[in-house]
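Results of the structural survey
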Amino acid sequence: MSALSQPHLLGIKYLQPSDLQLIFETADEFYEVINRPIKKVPSLRDKTIANIFFENSTRTKLSFELAEKRLSADVINFSASGSSVAKGETLVDTVNNILAMKVDMVVMRHPNPGAAHFLASQVKATIINAGDGAHEHPTQALLDAYSIRQKFGKDLKGLRVAIIGDILHSRVALSNIFCLRMLGAEVQLCGPATLMPRYIESLGVTVSYDLMQTLQWCDVANFLRVQHERMDVKYFPSIREYVMQYGLNSQLLDRLNKPITIMHPGPINRGVELTSEVADSAQSIILQQVENGVAIRMAVLYLLAGSR
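Residues numbered from 1 in each chain as written. Predicted model: local features only at pLDDT ≥ 70, side-chain atom pairs only at ≥ 80, totals over all residues. Heavy atoms only, no water.

On to the confidence of the model for the chain, then. Scored by pLDDT, the chain has a mean of 91; 93% of the residues are at 70 or more. Across residues 228–233, confidence stays below pLDDT 50; counting only partners more than four residues off in sequence or on other chains, it has 12 contacts. (pLDDT = per-residue confidence, 0-100. Contact = heavy atoms within 4.5 Å.)

This is the structure in structure tokens:
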């Protein structure tokens, strides 16, 4: 079995281009598996995987759990609410207690940036970062890039991808930038100036504050949710004003002189980032992203299991 260059998946920036290609090629095989009548393979039947989520999650948690079960792994689900974490137990103690039950791999989401890196240095298990604060969300970037490959072909060199919305608080944006740039795509960020990180251009992207200009420029537009839960101050006057400046509706799409592909990592605030008409349109590949998430996560789990 081929293996990744890293023993963990902590972030896209630690991977090599060859790692991305290996993940995509492996996901191609698992995509066929999940679309056949018998959707299960015995690849990880000797592995036990713990999903440890210190933040709320629907799509990511379900996607990882389904991927694990499709690979025939034993699965433990842990939620911080109602656990001993609420009594003051440390992250390392929590995970070590779970590992004492002979767990091989840990999928973790945590509100603090760097939590996955810290854990990987402290425990003897494979760690997969399912999102650490506003830092990285590597499997989301992988499934986004995989979805774009399905639509446009395997070579993304020169493809123009826009990431639109709350860039400042988004772990999806950062992982997507690393992934898309590594694959040779051009990336433009668009959103309110108050939600644009300083010095973000140093990552090799361009920045625009004009939605229509960005839509005219891009081949793919990936819209991000406004993350009110991470905001301790007001970053724009009102939701109504945000929608007027950065929300996408069918009238704007009709004004473009070309078709573009619409993406969103979810959850969608319908009527804010996208109207329902746009989200459910033929130009949207949002549901394909969800489907591809299972294949990508199966590939990541399978390849990491073979690296130890």
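Now that the structure has been shown, we can carry on.
Next up on the list: helix α1 (residues 17–34). The end-to-end C-alpha separation of α1 is 26 Å, in line with the 26 Å expected for 18 residues at 1.5 Å each. Within α1 the residues assigned to the buried category are Asp19, Leu20, Leu22, Ile23, Phe24, Thr26, Ala27, Phe30, Val33 and Ile34. Where α1 is buried, its residues contact α2 (59–70), α5 (138–152), α6 (171–182) and α11 (286–305). (Helix = DSSP H or I, 4+ residues; strand = E, 2+ residues; numbered from the N terminus. Expected span 1.5 Å × (residues − 1). Buried < 20%, exposed > 50% of the residue type's maximum accessible area, 1.4 Å probe, protein only.)

Another point: the packing of aromatic side chains. How two aromatic rings sit relative to each other is given by the distance of their centres and the angle of their planes. Applying the stated rule across the entire model yields four aromatic pairs. Measuring from ring centre to ring centre gives 5.8 Å for Tyr242 and Tyr246, while their planes differ by 45°; the resulting arrangement is tilted. Pair noted here: Tyr242 and Tyr246 are both in helix α8 (residues 239–246), with a separation of four residues, about one helical turn. Look at Tyr246 and you get buried, because its relative accessible area is 7%. Taking NZ or CZ as reference, Arg297 lies 5.0 Å from the ring centre of Phe64, over its face. (Phe/Tyr/Trp six-rings, centres within 6.5 Å; stacked < 30°, edge-to-face > 60°. Lys NZ or Arg CZ within 6 Å of the ring centre and 35° of its normal.)

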